[in-house]
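Here is how the chains run, residue by residue.
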Amino acid sequence: MSIYEYLQGKTLAEIAEAGYRLPDLDIEKGEMWVPGAYEGIMLRSNVFFKVHTGINFFTALSVRKQALKPSEKNKSKMLKKLLKYPAIYTVDPICSFCVAFKMIKKEEQKEALRALAIDLAKNSEKRELVKIGIALLGICGNKEDLNILEVLGAHDEFTLYCAGSAERLLKDKELNGFLINLGEKADGWGKLSVLYALDYSDEKAKLWAVKKGCKNTVGLSYAANVCATKGCMADILRKIENGEYEQTEAAEIFRGVCDIFSGLLWPEENQDGIKEYGEALRAAASFKNIYQNMPELAANYDNAAKIAEKLADC
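Conventions and cut-offs
Per-chain numbering applies: the sequence of each chain, read as written, is numbered from 1 onward. The model is predicted, so local features are restricted to residues of pLDDT at least 70 and side-chain atom pairs to those at 80 or more, both for listing and for counting; the totals for chains, interfaces and linings are taken over all residues. Computation of side-chain values: all heavy atoms of the structure, hydrogens and water removed. Each nonpolar core is a collection of buried residues, namely Ala, Val, Leu, Ile, Met, Phe, Trp, Tyr and Cys, held together in the definition by side-chain atoms within 4.5 Å. Throughout this description, buried means an accessible area under 20% of the type-specific maximum (1.4 Å probe, protein chains only), exposed means over 50%, and partly exposed covers the range between. Elements are defined by DSSP. Helices are runs of H or I of four residues or more, strands are runs of E of two residues or more, and each kind is numbered from the N terminus. A side-chain nitrogen of Lys or Arg and a carboxyl oxygen of Asp or Glu constitute a salt bridge if their distance falls within 4 Å. To define axes, lines are fitted to C-alpha atoms, for helices over the stretch in contact only, and angles between the resulting N-to-C directions are given on a 0 to 180 degree scale. Any angle that falls under 35 degrees is termed roughly parallel, while one over 145 is termed roughly antiparallel, one within 65 to 115 roughly perpendicular, and all others oblique. Should the near helix be turned counterclockwise from the far one by less than a right angle, the crossing is left-handed, whereas a clockwise turn marks it as right-handed. The contact rule is simple, with two residues in contact once any of their heavy atoms fall within 4.5 Å. To pair, rings of Phe, Tyr and Trp, with the six-membered ring standing in for Trp, must have centres within 6.5 Å; the planes then decide the type, stacked if under 30 degrees apart, edge-to-face if over 60, and tilted in the middle. Residues enter patches when they are more than 30% accessible in relative terms and free of salt bridges; like-charged ones are connected within 9 Å and nonpolar ones (Val, Leu, Ile, Met, Phe, Trp, Tyr) within 5 Å. Calculation of accessible area relied on Shrake-Rupley with a 1.4 Å probe; when residues are assessed, cover is drawn exclusively from the protein chains displayed. For the purpose of charge, His is not counted, nor are the chain termini; Lys and Arg are scored as positive and Asp and Glu as negative. For the purpose of locating charges, the reference atoms are NZ of Lys, CZ of Arg, CG of Asp and CD of Glu.

**Side note on the nonpolar core**
Right, on to step 1. Among the nonpolar cores identified, the biggest contains 109 residues, and Leu136, Leu152, Met233 and Phe261 are the most heavily contacted of them.
Right, on to step 2. Looking at this core, the element that brings in the most residues is helix α16 (residues 247–265), giving 10 residues.

Below, the structure written as structure tokens:
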């Protein structure tokens, strides 16, 4: 069974209940695998890993050859090259070379590459091949392929790649709507990748980031500062003070604000804390005012009192 078929046939609850396992999972007893963590950690680290340009060039050539002259022999050679390194190190060079080969300008070649990308994304039993298929769709796909990205992007292992391809296939608010939909489904490293891909000139994106963006399974502090800063949390708190949201909406936003402040006030190692949040004083003043004068909102979050006490020092 391909990974796409496996995910397509399951609900989000079923995927979560199974521990987000994928059919190709191969780990030793006692080891633990976290979906999306490898890419998430590598992209946030100082480790520099570069595959030689020549290797990427010949790998891209094998992709081109299989797209234009599909055969079992060409496919076997291509898969061998594609599986040699993790996709995170090769997808950008491969896509760049495919563009350089002018496969995107010629409609016939573009469609051939798209057919290969769909095959890799939908029919592969190895996750690294799925990731490469997703990435290729970003340069040769169209809106009809978004349903593929929706299925795969709901799993944290693939959200980063699906978000990147969606950025090339969609524009403005349409893109934000797609990304927010992914963010509602993914709740780990994939959700973090959505937060960094959103266009925050859209007010809906800001509100979603503050209301629902921070809650994740990696750690609140991993998302807290981007949600607070990009989501303009201080402005949204002021709107709550002014009564600009109805009660249910205000309560839901305040719960998200508490998640953000929890991440900022008790950050994990090497993550941004309250001192790195530029609007901390203004947001803290609004939070304390809301906590004191709107107790019905604070009642929705058990940690609200602890946050208010900690913010008293700000």
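Alright, that's what it looks like, and here's the rest.
**Examining the pattern of salt bridges**
Right, on to step 1. Enumeration over the complete set of coordinates arrives at 17 salt bridges.
Right, on to step 2. Here Asp119 and Lys75 are joined by a salt bridge, their closest N and O atoms 3.7 Å apart. On the criterion of sequence distance, the pair formed by Asp119 in helix α7 (residues 107–123) and Lys75 in helix α5 (residues 72–82) is long-range, its members being 44 residues apart.
Right, on to step 3. Classification of Asp119 as partly exposed rests on a relative accessible area of 24%.
Right, on to step 4. With its nearest N and O atoms 3.1 Å apart, the salt bridge here joins Glu128 to Lys131. Taken together, the positions of Glu128 and Lys131, both in helix α8 (residues 127–140) and 3 residues apart, correspond to about one turn of that helix. Like Glu128, the residue Lys131 is buried in the burial classification.
Right, on to step 5. Several salt bridges share partner residues, and in doing so they unite Asp24, Glu39, Arg127, Glu128, Lys131 and Glu157 into one network.

**Things to note about the packing of α5 against α7**
Right, on to step 1. In the contact formed by α5 and α7, the axes pass within 14 Å of each other and the chain directions differ by 60 degrees. With respect to α7, the axis of α5 lies oblique. Seen along the crossing, α5 lies across α7 with a hand that is right-handed. Residues Lys75, Met78, Leu79 and Leu82 of α5 lie in contact with α7, whose contacting residues are Leu116, Asp119 and Leu120.

**Concerning the packing of aromatic side chains**
Right, on to step 1. Summed over the entire model, instances satisfying the criterion amount to 8 aromatic pairs.
Right, on to step 2. An angle of 75 degrees between the planes, with centres 5.3 Å apart, marks the rings of Phe57 and Phe58 as edge-to-face.
Right, on to step 3. For the ring pair Phe254 and Phe287, a centre distance of 5.0 Å and an interplane angle of 15 degrees mean the geometry is stacked. With Phe254 in helix α16 and Phe287 in helix α17 (residues 280–293), this pair connects stretches of sequence that are 33 residues apart.

**Some details on the environment of Phe261**
Right, on to step 1. Structurally, Phe261 can be placed in helix α16.
Right, on to step 2. Spatially, the C-alpha atoms of Phe261 and Val130 are 37 Å apart, while their sequence positions differ by 131 residues.
Right, on to step 3. Excluding residues within four positions of it along the chain, Phe261 makes contact with Met233, Leu237, Trp266, Ile274, Ala283, Ala284, Phe287, Ile307 and Leu311.

**A closer look at a positive patch on the surface**
Right, on to step 1. A cluster of basic side chains, namely Lys65, Lys69, Lys73, Lys77, Lys80, Lys81 and Lys84, defines a positive patch on the protein surface.
Right, on to step 2. Sort the elements by how many residues they give to the positive patch and α5 lands first, with 4 residues.
Right, on to step 3. Within the secondary structure layout, Lys80 lies in helix α5.
Right, on to step 4. Overall, Lys80 belongs to the exposed group, its relative accessible area being 70%.

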